[in-house]
Amino acid sequence: ELLLQDVAFTGSGELRENTQRWKLSSKDTRLHQWLRIIPKAWQPNIDLAAIGGEADAQFDISLDDDKQEVLATAKLKDAALNLEEKHILLQNANGEIAFRYATTAKQSKSHLSLKNIKANTRTGDLALNLEIENLQMPQVATNGSFNIQLEELLGIARPGLLKDARGIVNGNFSYSKNFSDWDDLKQNF
């Protein structure tokens, strides 16, 4: 067993002349603990108290003279995000997260995806898929669907806008954008 930033892992490893292979897994780990492992530069601008829920995760790490690669997958279990200042509440969120980082002497590649994320909002539900290619100069693509009351949608979009509006909104969305760097992405969300 390995303990890293209060996250307990079990796993196995193999060391050879110029190669290392590691497989690590963790079960029922609180999401705020995972954020402590993520490099500070990549962490979202979110108070850890706003995040709830758990995840099971698996890491496959390969290191050799020519290439280093990390593959990580996680299953969200009843996750929650409460951002009062942005009027956002997501709860009972479930889905999959995958991350890949590979580097060679000539280049590095990174990819983050959130797949089949389903969550309840204050008044309805949301489904989401998100892909971020290249964390140095992020290329973001997302799509999903929602079924929420109009008041909640307007409160997220622009608090106070049409404050007496009523009704239910169903819809699909997609969004894609290239950002200059990770900080640019964080400032836009």
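In case you missed it, the structure is sitting above this.
Quick summary incoming for the structure in this document. Every value quoted in this text rests on a predicted model; they were computed, and no experiment measured them. Residue positions within a chain follow its written sequence, with the count starting from 1. Given that this is a predicted model, residues contribute local features only at a pLDDT of at least 70 and side-chain atom pairs are listed and counted only at 80 or more, while totals for whole chains, interfaces and linings are drawn from all residues. Excluding hydrogens and water, the side-chain figures rest on all heavy atoms present in the structure.

1. Examining the sheet that holds strand E7 (residues 108–120)
Next up, step 1: Taken in spatial order, the 10 strands make up an open sheet running E1-E2-E3-E4-E5-E6-E7-E8-E9-E10, and their pairing is antiparallel. A single partner strand is all that each edge strand has here, and the edge strands are strand E1 (2–4) and strand E10 (168–178). Averaged over all adjacent pairs, the angle separating strand axes in this sheet is 15°, with direction ignored.
Next up, step 2: Pairing between strands is defined by DSSP: at least two bridges between the two strands are required. Runs of E in the DSSP output that reach at least two residues are strands. Runs of H or I that reach at least four are helices, and both are numbered from the N terminus. Sheet analysis places strand E8 (residues 125–133) next to strand E9 (residues 139–149), joined by 9 bridges and oriented antiparallel. The partner of Asn129 across the bridge, within E9, is Asn143.
Next up, step 3: Packed on one face of the sheet, helix H2 (residues 150–157) meets strand E6 (88–104), E9 and E10 and runs near 145° to E9. For every element, the axis is a line fit to its C-alpha atoms; helices are fit only across the contacting stretch, and the angle between N-to-C directions ranges from 0 to 180 degrees. Contact definition: two residues touch when any of their heavy atoms are within 4.5 Å.

2. Some remarks on the packing of aromatic side chains
Next up, step 1: Stacked, edge-to-face and tilted labels apply to pairs of Phe, Tyr and Trp rings (six-membered ring for Trp) whose centres lie within 6.5 Å, assigned for plane angles under 30 degrees, over 60, and everything in between, in that order. Overall, the coordinates contain 4 aromatic pairs when judged by the stated rule.
Next up, step 2: Between Trp34 and Phe59 the ring centres are 5.8 Å apart and the planes differ by 35°, which places this aromatic pair in the tilted class. One end of the pair, Trp34, is in helix H1 (residues 31–37); the other, Phe59, is in strand E4 (residues 51–64), and 25 residues separate them in sequence.
Next up, step 3: For Phe59, a relative accessible area of 17% corresponds to the buried category.
Next up, step 4: Grouping aromatic residues by their ring pairs yields a cluster made of Phe9, Trp34 and Phe59. Between buried and exposed lies partly exposed: a residue is buried under 20% and exposed over 50% of the maximum accessible area for its type, with that area taken using a 1.4 Å probe on protein chains only.

3. Considering the side chain of Lys186
Next up, step 1: Examined against the element boundaries, Lys186 turns out to sit in helix H3 (residues 182–187).
Next up, step 2: For the purpose of counting charges, residues Lys and Arg are taken to be positive, whereas Asp and Glu are taken to be negative. His and the chain ends are not included. The term salt bridge refers to a pairing of a side-chain nitrogen on Lys or Arg with a carboxyl oxygen on Asp or Glu at a separation within 4 Å. Nearest to the buried, unbridged Lys186 among oppositely charged side chains is Asp183, at 4.1 Å.
Next up, step 3: Contacts of Lys186, omitting those with residues within four sequence positions, involve Lys40, Ala41, Gln43 and Asn45.

4. Considering the environment of Asn178
Next up, step 1: Mapped onto the elements of the fold, Asn178 is located in strand E10.
Next up, step 2: Counting along the chain gives 40 residues from Asn178 to Pro138, while the straight-line C-alpha distance between them is 5.9 Å.
Next up, step 3: Those residues in contact with Asn178, other than ones at most four positions away along the chain, are Pro138 and Gln139.

5. Observations regarding unusual backbone geometry
Next up, step 1: Even without glycine at this site, Asp78 takes up a positive phi of about 50°.
Next up, step 2: Along the polypeptide, Asp78 turns up in strand E5 (residues 67–83).
Next up, step 3: Its identity is not glycine, yet Asn116 carries a phi of approximately 55°, on the positive side.

6. Quick notes on H2
Next up, step 1: Looking at H2, one finds that the buried residues are Glu152, Leu154 and Gly155. Taken end-on, H2 shows its buried residues confined to a sector of 165°, consistent with a single buried face. Taking the helix axis as origin, the arc is that swept by the directions to the C-beta atoms.

7. Here's the deal with the nonpolar core
Next up, step 1: Grouped together as the largest cluster of nonpolar side chains are 27 residues, with contacts concentrated most on Leu31, Trp34, Phe59 and Ile132.
Next up, step 2: Looking at this core, the elements that each hand over two or more residues are strand E2 (7–15), H1, E4, E5, E7, E8 and H3.
Next up, step 3: The element contributing the most residues to this core is E4, with 5 residues.
Next up, step 4: Residues in contact with Leu31, not counting those within four places in the same chain, are Ile51, Gly52, Gly53, Glu54, Ala55, Leu76 and Ala79. Put simply, buried Ala, Val, Leu, Ile, Met, Phe, Trp, Tyr and Cys residues joined by side-chain atoms within 4.5 Å make one nonpolar core.

8. Points about the pairing of E9
Next up, step 1: Of the two faces of E9, only the one carrying Val140, Thr142, Gly144, Phe146 and Ile148 is buried; Gln139, Ala141, Asn143, Ser145, Asn147 and Gln149 on the other face are not.
Next up, step 2: Once E8 ends, the chain turns through 5 residues before running back antiparallel as E9, passing Asn134 with a positive phi of about 65°.
Next up, step 3: Inspection of the sheet shows E9 paired to E10 by 11 bridges, in the antiparallel sense. In the strand pairing of E10, Gly144 is matched with Phe173.

Honestly, it's all geometry; don't read function into it.
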